[in-house]
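# Summary of the model geometry
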Amino acid sequence: MRPPPHLLSLVASLGLTFRLTAAQPAPAPAAAPDRFIVLSEFQVWADAASPEVFKELSRLYNEKGRSHIFDLYPRYELFVWDAARMRHWVDEAKALGCFNLFCLGDDTRTAQGHLFDNQGVNPKLEDFLFETVAYAHQQGFLVAVEPTHLPPRRTREAFVPWLKSWLGPQVPAESRVDIIKLSIEWFGAWPANPEIAVEVEAFFEAVQEVSPGTLVYVDSIGGFWRQPQAFHRWLLKRFPGTILSHT
């Protein structure tokens, strides 16, 4: 079941717990209690292609005292998106009994590329995406995706076809995600992009045009973005129902 549009707050957890808040479209009556939904998030990136991945991570840790999958780049053949294997991760999340949101993070590139490219969903991986989303829905999860590759032109006209490739009417409803997890890092938040508000607004407008029932959760990364900013206040007023992380 999709969260109601008057979502007030949610809590997502994946090892760490984040508090996310969203605006209520209209003030509730004074006597009415706050309404909220709690989400517990199970997020995965591309899977390890073989046991060699873990052996290499162990070797790196023993050598340097740290390891991360990013340290294995550009060995993209070590990572894979596989629908059959991903069903096991969905089953794992369900068996744990404490998650209700399954999220695919596109941070890790595979030999076939990322889940998304500048045109939209990667044609080589669209079957994987749609099958996985549908299966997670069948298991009772809300489903989110955190894309990394957005069109280089950050305009509504560019975002609409990009979104339509995986949220358009040609995609069965059961294969469309419920939430887009959007990092403002992809909008140049670290170097303080002066056009960030214009570009983010264009993205939200495109989502409303293509799939108005899809929620957007703005992942505010770190640093000063973890504190409420004028940008956040403007965004909540401009698009009531927006989900924000800020603590």
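Residues numbered from 1 in each chain as written. Predicted model: local features only at pLDDT ≥ 70, side-chain atom pairs only at ≥ 80, totals over all residues. Heavy atoms only, no water.

## Some remarks on the packing of aromatic side chains
Applying the stated criterion across every chain yields a total of 20 aromatic pairs. Ring centres 5.7 Å apart and planes at 40° place the aromatic pair F116 and W162 in the tilted group. With F116 in strand β7 (residues 116-117) and W162 in helix α4 (residues 156-167), the pair connects residues that are 46 residues apart, well separated along the chain. Each member of the pair, F116 as well as W162, carries the same accessibility label: buried. Taken together, the ring pairs connect F116, F159, W162, W166, F187 and F203 into an aromatic cluster. (Phe/Tyr/Trp six-rings, centres within 6.5 Å; stacked < 30°, edge-to-face > 60°. Helix = DSSP H or I, 4+ residues; strand = E, 2+ residues; numbered from the N terminus. Buried < 20%, exposed > 50% of the residue type's maximum accessible area, 1.4 Å probe, protein only.)

## Here's the deal with the packing of α4 against helix α5 (residues 196-210)
Relative to each other, α4 and α5 sit at 45°, their axes nearing to 8 Å. For the element pair α4 / α5, the angle class is oblique. For the crossing formed where α4 meets α5, the hand is right-handed. The residues of α5 that touch α4, namely those facing R156, F159, V160, W162, L163, K164 and L167, are E199, A202, F203, E205, A206, V207, E209 and V210. Its residues assigned to classes, the contact of α4 with α5 shows 10 nonpolar, no polar and 5 charged. (Axes fitted to C-alpha atoms, helices over the stretch in contact; angles between N-to-C directions. Parallel < 35°, antiparallel > 145°, perpendicular 65-115°, else oblique. Left-handed = near helix turned anticlockwise from the far one by under 90°. Contact = heavy atoms within 4.5 Å. Nonpolar A, V, L, I, M, F, W, Y, C, P; charged D, E, K, R; others polar.)

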